[in-house]
Amino acid sequence: CWEMLDNMEQIGKIRQSTGDTLAELIERGRIMGKENCIFCKIANGGIPSSTIYEDEDFRVFLDLNPATKGHALIVPKVHYADLFELDDELAVKAILLAKRLAERMKDALGCDGFNLVQNNGAAAGQTIFHFHLHLIPRYEQDGAGIAWNPGKVSSEELKELVQLISET
Ligand code: 5GP
Ligand code: ZN
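This text gives an overview of the structure that appears in the document. Along each chain, residues carry numbers from 1 onward, in the same order as the chain's sequence is written. Chain labels run from A onward and ligand labels from 1 onward, assigned in the order the entries are written. Where totals are concerned, whole chains, interfaces and linings use all residues; where local detail is concerned, this predicted model gives features only for residues with pLDDT of at least 70, and gives and counts side-chain atom pairs only at 80 or more. Hydrogens are left out, water is left out, and the side-chain values use all remaining heavy atoms of the structure.

## What to know about the environment of Y53
Move 1: Counting from the N terminus, the helices are the DSSP runs of H or I reaching at least four residues and the strands are the DSSP runs of E reaching at least two. Counting through the fold element by element, Y53 comes out in strand β1 (residues 51–54).
Move 2: In contact with Y53, not counting residues within four places along its chain, are F58, R59, V60, L97, R100 and L101.
Move 3: Polar contacts, as used here, are pairs of N or O atoms within 3.5 Å; protein pairs need one atom able to donate a hydrogen and one able to accept it. Residues neighboring in sequence count only if both atoms are side-chain atoms. A distance of 2.8 Å separates polar atoms of two side chains, one belonging to Y53 and the other to D55. Every residue pair with non-hydrogen atoms within 4.5 Å of one another is taken to be in contact.

Here's what the structure looks like:
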């Protein structure tokens with residue numbers, strides 16, 4: 001069965017890149033998809049979607065509750081809950097794809113700007129716990145609320161934060 005062979009190939013690729021054991025992969029539901037994950041179903045074609053791009057790793061489809069005209073989602077076919085789980089190679093592919101599609105959408109839609117948005121965790125506004133990257137074309141006066149209130153930070157806090165976070 002070709003589907004099975006495809007799956008075995010994919011399993012091999014993922015195991016190589018993550019170093020996970022087969023049991024670990026199956027446990028995380030990455031291979032067959034999470035049973036109740038709607039993006040697993042959409043990405044793998046089990047539920048129809050307004051697809052604007054598809055390859056072996058991703059499906060890109062239009063958001064059903066768009067922030068603006070053309071709002072789309074880059075979704076990997078394999079289940080990763082969020083950025084922290086996402087495979088490195090797929091992360092690189094996702095950002096390259098975002099760049100390409102943003103250029104295409106800018107030409108096709110004539111938008112004035114573009115946001116890439118990617119939420120991780122409920123606290124960050126994530127509602128679908130299957131990694132996705134939002135492609136949001138922006139138009140002058142579109143009123144899309146992708147913003148925050150600029151806060152304040154002291155120079156001591158800045159120093160502390162650099163110590164906490166900095167890798168160098
Ligand atoms: P999040 O808040 O997790 O970053 O984004 C989830 C996004 O998925 C939302 O923008 C929401 O409108 C979209 N969404 C949720 N369910 C569906 C669906 O069944 N089909 C499509 N096309 N988009 C969905
Ligand atoms: Zn999923």
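## Concerning the coordination of the zinc ion (ligand 2)
Move 1: The zinc ion (ligand 2) binds to the protein through C37 (SG), C40 (SG), H79 (ND1) and H130 (ND1); the donor distances cover 2.0 to 2.3 Å.
Move 2: The donor set covers N, O and S atoms within 2.8 Å of the metal, switching to 3.2 Å for Na, K and Ca, and it leaves out water, so a site may look short of donors. Every geometry call rests on angle ranges, with four donors termed tetrahedral when all angles are between 85 and 135 degrees, four termed square planar and six termed octahedral when opposite donors are over 155 degrees apart and all others are between 65 and 115, and everything else termed irregular. Taken together, the four donor atoms coordinating the zinc ion (ligand 2) span angles of 103 to 116 degrees at the metal, a pattern that classifies the geometry as tetrahedral.
Move 3: As a motif over one chain, the donors of the zinc ion (ligand 2) read C-x2-C-x38-H-x50-H.
Move 4: According to the relative accessible area criterion, C40 is buried, its value standing at 5%. Each residue is assigned to one of three classes by its accessible area relative to the maximum for its type, calculated with a 1.4 Å probe on protein chains only: buried under 20%, partly exposed between the two thresholds, exposed over 50%.

## Structural notes on the site of ligand 1
Move 1: Any residue with at least one heavy atom within 4 Å of a molecule or strand is counted as near it. D63, N119, T127, H132 and H134 are the nearest of the 16 residues found near ligand 1.
Move 2: For ligand 1, the protein covers 82% of the area, taking 520 Å² as the surface of the free molecule.
Move 3: In terms of residue count, the dominant contributor to the shell around ligand 1 is helix α3 (residues 38–43) (three residues).
Move 4: Note on residue categories: nonpolar means Ala, Val, Leu, Ile, Met, Phe, Trp, Tyr, Cys or Pro, charged means Asp, Glu, Lys or Arg, and polar means any other residue, Gly included. Partitioning the shell around ligand 1 into residue classes produces eight nonpolar, seven polar and one charged. Per-residue and other accessible areas follow the Shrake-Rupley method at a 1.4 Å probe size, with only the shown protein chains counted as cover for residues.

## Side note on the pairing of strand β2 (residues 58–62)
Residues in a regular strand point their side chains to alternate faces of the sheet.
Move 1: Counting buried residues along β2, four of its five residues qualify, which places the element largely inside the surrounding structure.
Move 2: Any two strands between which DSSP finds at least two bridges are classified as paired. Note: β1 against β2, three bridges, orientation antiparallel. Its bridge partner lying in β2, Y53 is registered against V60.
Move 3: Counting the residues in the hairpin turn of β1 and β2 gives three residues.
Move 4: Here β2 pairs with strand β3 (residues 72–76) via five bridges, running antiparallel. Within β3, the residue paired with R59 across the bridge is V75.

Shape descriptors only; they carry no functional weight alone.
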